[in-house]
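# An overview of the molecular structure
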Amino acid sequence: MDILVFDTADEVAAAVAGRIVDAVAARPDVVLGLPTGRTPIATYRALRRLHHAGHVNFARVTTFNLDEFAGITPGHPGSFRTFMDRHLFSEVNLAPGRIHFLDGAAPDLDAECVRYETAVDAAGGIGLQLLGIGSNGHIGFNEPGTELVTRTHRVHLAASTRRDNAALFGGDIANVPAEALSMGMGTILGAGTIVLIATGERKAQCVGSAVQGPLTTQLPASFLQLHRHVELYLDRPAASRL
Ligand code: PGA
C-alpha cells in the first residue's frame, strides 16, 4: 500500500481531488467508483472548484456509486443519489447516462444487484475506486461480521452505521432504512486502483488494523491488503495508529 499522510483534512481533500484530475487527464473515459459519507465531501468540493476553473473535464467519465439505502427512491432527501447530486453531480459535466447508481426502490432488489454487477462489467470494470472507511471498518456497506459477500448484494445495516447516517434522515436513527444495497468486496477489489480517504482520530484504530492487522471479515477494510494498487490518503490523526 502507498500511504500518504497530510497535516490537515483539507490537504487530504486537495491531494485526492488532484489524484482524480490526473486520472481523468490520463484516461478521459476512466470509470470512477465513488463513495458517500462525510469524508469525501471536502474532496468533492475541491473537485467542483477544479472543474469550474477548467482543470478537469468529466464529459467522457463514467461513475458507479458504491451503495444505496433500500426502500427509498433516488429522489428521497436521505438517499445517496441525492447526496451525490448535491455534492458533485449537479456541478460538474458528467453525462447523466454515464452516472450509475443502485436503485434502492427497485421492485426486485436481488435482480437490481445483478443488474449493477453486469453494468460494472459492461463498462470494463472500475478504473479508480475512491473509498471512505467506516469507524467500524466497513467499506461501502460491507459490514463487519462472520462472512462477507463477494458481489453486489443486500445488506442489513449495523446499528452503528445507521447512527452514523442519521443526519441524512433528520437526525433520527429510526428513520434510517434497515437495509441497503452495496457493491461487494470482490467488486471493489476488482478496481484497477483503490484510493482510500480517512481523516480524523475516529478512524485511527480501524486504519491501523486494516493496514497492519490480520485479514478478517470482522474488519472488511483489511481485505484491501489483497489488492496491489491501494493508496491511502490520511491526515495525521487518522494515521496516528500506524
Ligand atoms: P464517514 O463515513 O465519511 O461519514 O465517516 C465513511 C464510511 O462509512 O465509509
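Residues numbered from 1 in each chain as written. Predicted model: local features only at pLDDT ≥ 70, side-chain atom pairs only at ≥ 80, totals over all residues. Heavy atoms only, no water.

### A look at a nonpolar patch on the surface
In plain terms, the rule: Two joining distances apply to patches: 9 Å for like charges and 5 Å for nonpolar side chains (Val, Leu, Ile, Met, Phe, Trp, Tyr), and every residue must have over 30% relative accessible area and no salt bridge. A 1.4 Å probe and the Shrake-Rupley method give the accessible areas. Residues count as covered only by the protein chains that appear here. Put simply, a salt bridge is a Lys or Arg side-chain nitrogen that is within 4 Å of an Asp or Glu carboxyl oxygen. Put simply, DSSP marks the helices as runs of H or I at least four residues long and the strands as runs of E at least two long, and each gets a number from the N terminus on. Note on exposure labels: buried denotes an accessible area under 20% of the residue type's maximum, exposed denotes more than 50%, and partly exposed covers the range between, all computed with a 1.4 Å probe on protein chains only.
Among the surface-exposed residues, Met 1, Ile 3, Val 5 and Leu 242 lie close enough to one another that they form a single nonpolar patch of about 300 Å² accessible area. On the secondary structure map, Ile 3 appears in strand 1 (residues 2-6). The exposure class assigned to Ile 3 is partly exposed, which follows from its relative accessible area of 38%.

### A few points about the environment of Leu 32
Short version of the rule: Any two residues whose heavy atoms approach within 4.5 Å at even a single point are treated as in contact.
Position of Leu 32 relative to the elements: it lies in strand 2 (residues 31-34). On the basis of relative accessible area, Leu 32 is assigned to the buried category, the value being 3%. Distance in space between the C-alpha atoms of Leu 32 and Thr 73 is 23 Å, their sequence separation being 41 residues. In contact with Leu 32, other than residues within four places in its own chain, are Ile 20, Val 61, Thr 62, Thr 63, Phe 64, Ile 126 and Leu 128.

### Remarks on the side chain of Glu 143
In plain terms, the rule: Charge convention: Lys and Arg are scored as positive, Asp and Glu as negative, and His as well as the terminal groups of each chain are ignored. Pairs of N or O atoms are called polar contacts if they sit within 3.5 Å, as long as, within protein, a hydrogen donor faces a hydrogen acceptor (for residues adjacent in sequence, only side-chain-to-side-chain pairs).
Among the secondary structure elements, Glu 143 is positioned in the loop between strand 6 (128-131) and strand 7 (153-156). Here Glu 143 is buried and forms no salt bridge, its nearest opposite-charge partner Arg 162 lying at an N-O distance of 8.9 Å. Within polar-contact distance, the side chain of Glu 143 engages the side chain of His 138 at 3.1 Å. Each residue touching Glu 143, except ones within four places of it in the same chain, is listed here: Asn 136, His 138, Leu 148, Val 155, His 156, Leu 157, Ala 158, Thr 161, Thr 217 and Pro 220.

### Details of the pattern of salt bridges
Enumeration according to the criterion identifies 10 salt bridges in this entry. The salt bridge involving Arg 19 is made with Glu 231; its shortest N-O contact spans 2.8 Å. Of the two residues, Arg 19 sits in helix 1 (residues 9-26) while Glu 231 sits in strand 10 (residues 230-235), which places them 212 residues apart along the sequence. According to the relative accessible area criterion, Glu 231 is buried, its value standing at 12%. Residue Asp 85 pairs with Arg 81 through a salt bridge whose shortest N-O separation is 3.1 Å. With Asp 85 and Arg 81 both in helix 3 (residues 80-87) and four residues apart, this pair spans about one turn of that helix. Assessed through its relative accessible area of 22%, Arg 81 is described here as partly exposed. Overlapping salt bridges, with partners in common, bring together Asp 110, Arg 154 and Glu 179 in one network.

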